[in-house]
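In case you want the letters, here they are:
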Amino acid sequence: MERLQAALEKARTARGEDTRPVQAKAKRATSRGAVHEAWEAIEPITLDPRRMRRNRIVALSGGREASPVDLLRTKMLQQMRQNNWRRVAVTSPGAGCGKTTVCLNLAASLSRQPEMKTVLVDLDMRRLALADILGIRGRGSFWDVVEGRVSFAEQAVRIGQNVLISVNTQKATNPSEILSNSATARLIDEIEAIYRPDILIFDMPPMLMTDDSLAFLDKVDCGLLVAAAEKTSVSQVDVCERDLAAQTNFLGVTLNQCRYSSGTGYDYSYH
Ligand SMILES: Nc1ncnc2c1ncn2[C@@H]1O[C@H](COP(=O)(O)OP(=O)(O)OP(=O)(O)O)[C@@H](O)[C@H]1O
Ligand SMILES: [Mg+2]
């Protein structure tokens with residue numbers, strides 16, 4: 001039944017109809033003031049530049065190092081705007097290709113565009129990398145929000161004025177069930193309605209190790225695949241591209257961890 005519903009919604013979306021639940025549509029009509037208040041209510045955090053640098057987050061303050069990330073950001077935004085897409089899942093074939101690093105760099109790069117509002121959600125409930133990089137502890141996990149133990153407003157953090165991040169600080173025992181359930185879909189609709197982000201980025205688990213990512217891909221507008229230059233094979237990219245395209249719109253592949261690049265190891269190419 002849920003699958004049928006998802007298929008119908010996908011078809012309606014393709015026709016340009018607004019398929020969001022009535023509640024979400026009403027909330028989407030929230031005034032600018034209410035949206036601003038909702039953003040202000042989220043606790044701001046300050047990122048330690050040295051910690052960021054250690055973790056290869058290079059796009060916070062612009063400049064030469066940030067330019068490959070900025071390029072990826074701009075290409076991605078252009079494609080998403082053209083298609084009226086707002087939700088992007090960032091995934092990869094295997095583990096450790098750089099999804100979390102790419103997601104946080106994209107958020108950092110987007111934070112320098114004051115007219116853009118970004119929400120980054122950690123949907124990897126098996127590894128807690130995003131919380132580790134940001135140094136966030138003890139404020140619950142995104143999946144606690146899904147399960148109603150804490151509100152998104154209490155659990156998320158704000159970077160500057162225009163980026164919200166929700167991380168996982170504890171592992172879940174049933175990630176694929178959480179990712180496929182309707183409470184997760186409703187929560188994301190609500191976040192979209194209340195905070196009105198221009199873009200929602202989802203930091204996903206790898207595709208070839210569990211069914212976690214596949215369980216969620218019908219809830220996004222598009223998927224970006226991160227491949228690691230010397231680790232991911234062409235056939236792995238092929239399989240994942242096919243699986244992604246079967247569930248959502250395929251945005252492209254970004255090649256990460258290229259040694260031949262600028263020497264910093266931060267370059268991304270995009271195909
Ligand atoms: N462009 C890059 N150059 C060099 N090292 C990188 C690059 N991007 C990421 N790394 C490093 O690779 C490791 C894995 O990165 P990251 O955690 O972002 O990958 P991931 O795909 O999210 O992993 P997981 O599958 O565990 O979620 C980290 O140590 C990270 O600092
Ligand atoms: Mg990760």
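Residues numbered from 1 in each chain as written. Chains lettered and ligands numbered in written order. Predicted model: local features only at pLDDT ≥ 70, side-chain atom pairs only at ≥ 80, totals over all residues. Heavy atoms only, no water.

Participant: Can you help me understand the overall build of the chain in this one?
Facilitator: Of regular secondary structure, the chain possesses twelve helices and nine strands. Per-residue burial over the chain gives 51% buried out of 271 residues. Total accessible area on the chain stands at roughly 12800 Å², and carbon and sulfur atoms take up 49% of it. (Helix = DSSP H or I, 4+ residues; strand = E, 2+ residues; numbered from the N terminus. Buried < 20%, exposed > 50% of the residue type's maximum accessible area, 1.4 Å probe, protein only. Areas by Shrake-Rupley, 256 points an atom, 1.4 Å probe, with all protein chains shown as cover.)

Participant: I would appreciate a short explanation of empty space enclosed by the protein in the present structure.
Facilitator: To locate leftover empty space, one rolls a probe as large as a water molecule over the atoms. Under the defined criterion, the tally for this structure stands at one cavity of 30 Å³ or more. Approximately 50 Å³ is the volume attributed to the largest cavity. Forming the walls of the largest cavity are Leu47, Ile57, Leu60, Leu104, Ala107, Ala108, Ile159, Val163 and Ile165. Only helix H6 (99–111) and strand S5 (163–166) provide two or more residues apiece to the lining of the largest cavity. The element best represented in the lining of the largest cavity is H6, accounting for three residues. (1 Å grid on protein atoms, 1.4 Å probe; cavity = no way out; pocket = protein on both sides within 12 Å on 5 of 7 lines; lining within 4 Å. Points joined across faces, edges and corners; volume = space filled by probe spheres on them.)

Participant: Mind showing me how you'd approach H6 here?
Facilitator: Owing to its 3.6 residues per turn, the α-helix aligns residues three or four sequence positions apart on the same side. With 13 residues, H6 should reach 18 Å at 1.5 Å per residue; the first-to-last C-alpha distance of 18 Å fits that figure. The element H6 is extensively covered by neighbouring structure, given that twelve of its 13 residues are classed as buried. Regarding H6, the residues found buried are Lys99, Thr100, Thr101, Val102, Cys103, Leu104, Asn105, Leu106, Ala107, Ala108, Ser109 and Leu110. (Expected span 1.5 Å × (residues − 1).)

Participant: What should I look at first to understand the confidence of the model for the chain in this one?
Facilitator: Low pLDDT means the predicted atomic positions in that stretch should not be read closely. The predicted model of the chain has a mean per-residue pLDDT of 88, with 84% of residues at 70 or higher. Taken as a whole, residues 20–26 scores under 50 in pLDDT and shows eight contacts with residues more than four places along the chain or in a different chain. When the criterion is pLDDT under 50, residues 262–269 qualifies, and its contacts beyond four places in sequence or with other chains add up to 29 contacts. (pLDDT = per-residue confidence, 0-100. Contact = heavy atoms within 4.5 Å.)

Participant: Would you explain the pairing of strand S2 (residues 87–91) in this entry?
Facilitator: The two faces of the sheet receive side chains in turn, since in a regular strand these alternate between them. Most of S2 sits inside the fold, with five of its five residues counted as buried. Neither face of S2 is exposed, since Arg87, Ala89 and Thr91 on one face and Val88 and Val90 on the opposite face are all buried. Pairing of S2 with strand S6 (residues 199–203) involves four bridges; the strand directions are parallel. The residue bridging Ala89 from the neighbouring strand is Phe202, located in S6. Strand direction decides the pairing type here: S2 and strand S7 (residues 222–228), joined by four bridges, are parallel. Counterpart to Val88 in the pairing with S7 is Cys222. (Pairing = 2+ DSSP bridges.)

Participant: In this structure, what is going on with the packing of helix H5 (residues 67–82) against H6? I would like to understand it.
Facilitator: The description of two packed helices rests on the angle between their axes and on the distance between the axes. Viewed as axis vectors pointing N to C, H5 and H6 meet at an angle of 80 degrees, and their least axial separation amounts to 9 Å. Accordingly, the angle class assigned to the pair H5 and H6 is roughly perpendicular. Residues Val69, Asp70, Leu72, Arg73, Met76 and Leu77 of H5 touch H6, and the partners they reach there are Val102, Asn105, Leu106, Ser109 and Leu110. Of the residues belonging to the contact of H5 with H6, the class tally is seven nonpolar, two polar and two charged. (Axes fitted to C-alpha atoms, helices over the stretch in contact; angles between N-to-C directions. Parallel < 35°, antiparallel > 145°, perpendicular 65-115°, else oblique. Nonpolar A, V, L, I, M, F, W, Y, C, P; charged D, E, K, R; others polar.)

Participant: Before we go on, may I ask you to explain the nonpolar core in this structure?
Facilitator: Grouped together as the largest cluster of nonpolar side chains are 42 residues, with contacts concentrated most on Val88, Leu134, Ile165, Ile199 and Ile201. Broken down by secondary-structure element, the contributors of at least two residues to this core are H5, S2, H6, helix H7 (129–134), strand S4 (157–159), S5, S6 and S7. Grouped together as the second largest cluster of nonpolar side chains are 37 residues, Val121, Leu187, Met204 and Leu244 included. (Core = buried A, V, L, I, M, F, W, Y, C linked by side-chain atoms within 4.5 Å.)

Participant: I tried to follow the environment of Pro93 on my own but got confused; where do I start?
Facilitator: Here Pro93 shows up in the loop between S2 and H6. Along the sequence, Pro93 and Cys240 sit 147 residues apart, while their C-alpha atoms lie 6.2 Å from each other. Beyond its immediate stretch of four places on either side in the chain, Pro93 contacts Pro206, Met207, Leu208, Leu225, Val226, Thr232, Gln236, Val237 and Cys240.

Participant: How should H5 be read in this particular structure?
Facilitator: Taking 1.5 Å per residue as the helical rise, H5 with its 16 residues ought to reach 22 Å, and the 22 Å between its terminal C-alpha atoms agrees with that figure. Following H5 by one or two positions, Asn84 has its phi on the positive side, about 60 degrees.

Participant: Could you clarify how one ought to interpret the state of the cysteines in this entry?
Facilitator: Overall, the coordinates contain zero disulfides when judged by the stated rule. The thiol of Cys97 is unpaired, and the distance to the nearest cysteine sulfur, on Cys240, comes to 8.8 Å. (Disulfide = S-S within 2.5 Å.)

Participant: Sorry if this is basic, but what is going on with the packing of aromatic side chains here?
Facilitator: Aromatic ring pairs are defined here through the distance separating the ring centres and the angle between the ring planes. Inspection of the entire model under this criterion finds three aromatic pairs. A ring pair is formed by Phe202 and Phe216, whose centres lie 5.1 Å apart and whose planes are at 65 degrees; its orientation type is edge-to-face. Separated by 14 residues along the polypeptide, Phe202 in strand S6 and Phe216 in the loop between S6 and S7 bring together distant segments of the chain. The buried category is assigned to Phe202, whose relative accessible area is 0%. Counting every residue linked through ring pairs, the aromatic cluster contains Trp39, Phe152 and Tyr195. (Phe/Tyr/Trp six-rings, centres within 6.5 Å; stacked < 30°, edge-to-face > 60°.)

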